[in-house]
Amino acid sequence: MVDKEIIDGTTMKRALTRITYEIIERHNGIEDIVLVGVKTRGIFIANRIANRLKQLEGVSVPVGELDITLYRDDQHQVSSDEPELHSSNVPVDITDKEVILVDDVIFTGRTIRAALDAIMDIGRPKKISLAVLVDRGHRELPIRADYVGKNIPTSMKEQIIVDMEEVDGQDRILIRQLAD
């Protein structure tokens, strides 16, 4: 397997800033927005967007954390008798709010489908949008992102890896060639 850096930390920051500006431009005020990051890296991205919104608009947007483990339809094998549970934490009532789901990479759409199910179990938002750092294509479900940092077309023999300062010690996006 060979990893090649395709986006550095500076370019990643620009992509997140672009997403933030698009959120501001599409809303008449951001007071009713709740950012919900899909664990794990989506949470860090959501927090960065919230910080940038605070800098630009002076409004603190709530950020929630969403664990979709139990909602996945493509992970049938679990090593123990019970699925490993992490916690979801959405600190505000999302009823009649605009929820912006945030994730690092959109691929088949299955993660986002699971996230939609999880959100609906928490409350009934007025609207749900999707922000992703990378759209790599290859959708299996009719799901698209409303806010995209970078479109990176890939083959099925490639993998996108998002490294983030919070967990990986640096910001960058890699593309990995998978073995045949």
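A brief look at the structure comes next. Remember, predicted model here, so these are calculated numbers, not experimental data.

**Focus: the sheet that holds strand E8 (residues 172-177)**
Paired through backbone hydrogen bonds, the strands of a sheet run either parallel or antiparallel to each other. Across the sheet, three strands lie side by side as E1-E8-E7; this open sheet has antiparallel pairing. If you trace the sheet from one side to the other, it starts and ends with strand E1 (2-7) and strand E7 (158-163), each paired once. The average undirected angle you get between the axes of adjacent strands in this sheet is 30 degrees. As paired strands, E1 and E8 are joined by five bridges and run antiparallel to one another. For isoleucine 7, the partnering residue across the bridge sits in E8 and is isoleucine 173. Contacts between helix H1 (residues 9-26) and the sheet are confined to E1, E7 and E8, with E1 contributing the most and set at about 50 degrees to the helix.

**Brief notes about the sheet that holds strand E4 (residues 98-106)**
In spatial order, the strands read E3-E2-E4-E5-E6; together these five strands make up an open sheet with parallel pairing. Pairing within the sheet leaves two strands with one partner each, and these edge strands are strand E3 (63-66) and strand E6 (147-151). Ignoring which end each strand starts from, the neighbouring axes of this sheet average 25 degrees apart. Contacts from helix H2 (residues 41-57) reach strand E2 (33-38), E3, E4 and strand E5 (127-135) within the one sheet, and its direction differs from that of E2 by about 150 degrees. On top of the sheet, helix H3 (residues 110-122) reaches E2, E3, E4 and E5; it is set at about 155 degrees to E4, its chief contact.

**Quick notes on H1**
With 18 residues, H1 should reach 26 Å at 1.5 Å per residue; the first-to-last C-alpha distance of 26 Å fits that figure. Within H1, the full set of buried residues consists of Met12, Ala15, Leu16, Thr17, Ile19, Thr20, Glu22, Ile23 and Ile24. The opening residue of H1, the one whose side-chain oxygen lies 3.3 Å from the backbone nitrogen of threonine 10, is aspartate 8.

**Points about the nonpolar core**
The biggest cluster of nonpolar side chains holds 31 residues, and the ones touching the most others in it are Leu35, Leu133 and Ile173. Of all the secondary-structure elements, those providing two or more residues to this core are H1, E2, H2, E4, E5, E7 and E8. Within the second largest apolar cluster, 20 residues are counted, among which are Val90, Ile94, Ile119 and Val132.

Basis of the calculations
- Residues numbered from 1 in each chain as written.
- Predicted model: local features only at pLDDT ≥ 70, side-chain atom pairs only at ≥ 80, totals over all residues.
- Heavy atoms only, no water.
- Pairing = 2+ DSSP bridges.
- Helix = DSSP H or I, 4+ residues; strand = E, 2+ residues; numbered from the N terminus.
- Axes fitted to C-alpha atoms, helices over the stretch in contact; angles between N-to-C directions.
- Contact = heavy atoms within 4.5 Å.
- Expected span 1.5 Å × (residues − 1).
- Buried < 20%, exposed > 50% of the residue type's maximum accessible area, 1.4 Å probe, protein only.
- Polar contact = N/O pair within 3.5 Å; in protein donor to acceptor, adjacent residues only side chain to side chain.
- Core = buried A, V, L, I, M, F, W, Y, C linked by side-chain atoms within 4.5 Å.

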